[in-house]
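These are the residues of each chain, in order.
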Amino acid sequence: MYWDEIAAYRPRSEQEEADQRQMLDYIRQFPDTILTRDNPIAHFSSSGFVVNADASRVLMAHHNLYRVWAWTGGHVDGEEDFLAVALREAREETGVTHIRPLSDAIASLEILPVWGHVKRGRYVPSHLHLNVSYLLLADENDPLSVREGENTRVGWLPAAELLSYTNEWEMDGVYTKLLERARNLLYGGRRETGARKLNRTGV
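The name given to the chain in an unreviewed UniProt entry is NUDIX hydrolase, with Pseudoflavonifractor capillosus as the source organism. The chain has a UniProt comment under Sequence similarities (unreviewed entry) that states "Belongs to the Nudix hydrolase family."

S.K.: Honestly, the overall build of the chain in this entry has me stumped. Any pointers?
M.R.: The helix and strand inventory of the chain stands at five helices and 10 strands. In terms of overall dimensions, the chain is globule-like: its C-alpha atoms have a radius of gyration of 16 Å, near the 17 Å expected for 203 residues. For the C-alpha atoms alone, the extent of the chain along its principal axes is close to 50 × 40 × 35 Å. Classification of the 203 residues of the chain by burial places 49% in the buried group. Within the chain, contacts between residues at least 6 apart in sequence are counted, and of these 70% link residues at least 24 apart. For the chain, the exposed surface amounts to about 10,500 Å²; the carbon and sulfur share of it is 50%.

S.K.: Would you mind showing me how to read the side chain of D19 here?
M.R.: Within the fold, D19 resides in helix 2 (residues 14-29). No salt bridge forms around the buried D19; measuring N to O, its nearest opposite-charge neighbour K177 is 7.0 Å away. Dropping the residues within four chain positions of it, D19 is found in contact with L109, E110 and I111.

S.K.: How should the packing of aromatic side chains be read in this particular structure?
M.R.: Ring pairs (aromatic) are described by centroid distance and by the angle formed between their planes. Inspection of the entire model under this criterion finds six aromatic pairs. Residues W71 and Y175 carry aromatic rings whose centres are separated by 5.7 Å and whose planes lie at 80° to one another, so their mutual orientation is edge-to-face. Of this pair, W71 sits in the loop between strand 3 (68-70) and strand 4 (72-75) while Y175 sits in helix 5 (residues 169-187), and the two are 104 residues apart along the sequence. Considered together, W71 and Y175 belong to a single accessibility category, that of buried residues.

S.K.: Help me out: how do you make sense of unusual backbone geometry in this one?
M.R.: Glycine aside, a negative phi is what most residues show, and trans is what most peptide bonds show. Although it is not a glycine, A55 sits at a positive phi angle of roughly 60°. Note that A55 resides in the loop between strand 1 (42-51) and strand 2 (57-63). Residue class for A55 comes out buried when judged on its relative accessible area of 0%.

S.K.: So what exactly am I meant to see when it comes to the nonpolar core here?
M.R.: Counting 33 residues, the largest nonpolar core has I6, F44 and F82 as the members making the most contacts within it. Going through the elements one at a time, helix 1 (2-8), helix 2, strand 1, strand 2, helix 3 (82-94), strand 6 (108-114), strand 9 (127-138) and strand 10 (151-158) are the ones with two or more residues in this core. The element that contributes the greatest number of residues to this core is helix 3, accounting for six residues. Once residues within four sequence positions are removed from consideration, I6 is found in contact with Q20, L24, I27, F44, F82, I106, L109 and V132.

S.K.: What should I look at first to understand the pairing of strand 1 in this one?
M.R.: For a regular strand, side-chain orientation follows a simple rule: the groups alternate between the two sheet faces. Taken across its 10 residues, strand 1 has 10 buried, putting it largely inside the fold. The alternating pattern of strand 1 places A42, F44, S46, G48 and V50 and H43, S45, S47, F49 and V51 on opposite faces, both of which are buried. Here 10 bridges tie strand 1 to strand 9, and the two strands are oriented parallel to one another. Opposite S45, over in strand 9, you have N131 as the bridge partner. Pairing analysis gives four bridges linking strand 1 to strand 4, with the strands arranged antiparallel. Counted as the bridge partner of S45 is H75 from strand 4. Across two bridges, strand 1 lies against strand 2 in antiparallel orientation. Paired with V51 across the strands is V58, a residue of strand 2.

Cut-offs applied
Along each chain, the written sequence defines residue order, and numbers are assigned to residues from 1. Residue-level local features of this predicted model are given only where pLDDT is at least 70; pairs of side-chain atoms are given and counted only at 80 or more, and the full residue set underlies all totals for whole chains, interfaces and linings. Excluding hydrogens and water, the side-chain values take into account all heavy atoms of the structure. UniProt positions are given in the numbering used here, feature names are shortened, and annotations may be inferred rather than shown by experiment. Where helices and strands are cited, they refer to DSSP runs of H or I of at least four residues and of E of at least two residues respectively, numbered from the N terminus. Throughout, the radius of gyration refers to the C-alpha atoms, and the reference size of a globule is 2.2 Å times the residue count to the power 0.38. Each residue's exposure class comes from its accessible area (1.4 Å probe, protein chains only) as a fraction of the maximum for that residue type: buried when under 20%, exposed when over 50%, partly exposed otherwise. For this analysis, residues touch if any pair of their heavy atoms sits within 4.5 Å. Only the protein chains shown count as cover for residues, with accessible areas throughout obtained via the Shrake-Rupley method and a probe of 1.4 Å. Positive charge is attributed to Lys and Arg, negative charge to Asp and Glu, and no charge count is given to His or to the chain ends. The working definition used for a salt bridge is a side-chain nitrogen of Lys or Arg within 4 Å of a carboxyl oxygen of Asp or Glu. Aromatic pairs are defined between Phe, Tyr and Trp rings, using the six-membered ring for Trp, whenever the two ring centres lie within 6.5 Å; interplanar angles under 30 degrees are classed as stacked, those over 60 as edge-to-face, and all others as tilted. Put simply, a nonpolar core is a bunch of buried Ala, Val, Leu, Ile, Met, Phe, Trp, Tyr and Cys residues held in one set by side-chain atoms that sit within 4.5 Å of each other. Any two strands between which DSSP finds at least two bridges are classified as paired.

Below, the structure is given as structure tokens:
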């Protein structure tokens, strides 16, 4: 169950510890609506930070709503398998087909504010995304495609210059820590050169 996965996560920063505590509190307060957009205060989302075989590039989409390059992800909409949501959203938003988790475990937790906006002609009031993040590995040779109505561009951005592309200071810390965690998983704490070939088996 998603509660168990979030509760078992070991925070690696004061921010994650505080956000984990708040997420669990929201689950207790709103057990019937916390997984859906029926809760206007806060609800869960799941995101994927997608890297290539050597984590030298990050796959991102230029989203229509905020007009910035950003990671993939979306509302869980009642789904309790958050990793499945992250994988599905990454495929749908970028067009990649060969993609798999670097790890099945949660990579990070963060509560992200969403400012009021108009979507499909309807005003959506400000609320919180209780976001669960995963690290994903994709084949950079896969053809890319945009998700109509949601993004206008999709591309592999150079990891070394990622923050100059995203240009969203609120997300700098999230992207930085996830890139470092992806590299640690790929290299086991060692920094290597050269791309590793992505194994398509089971991807």
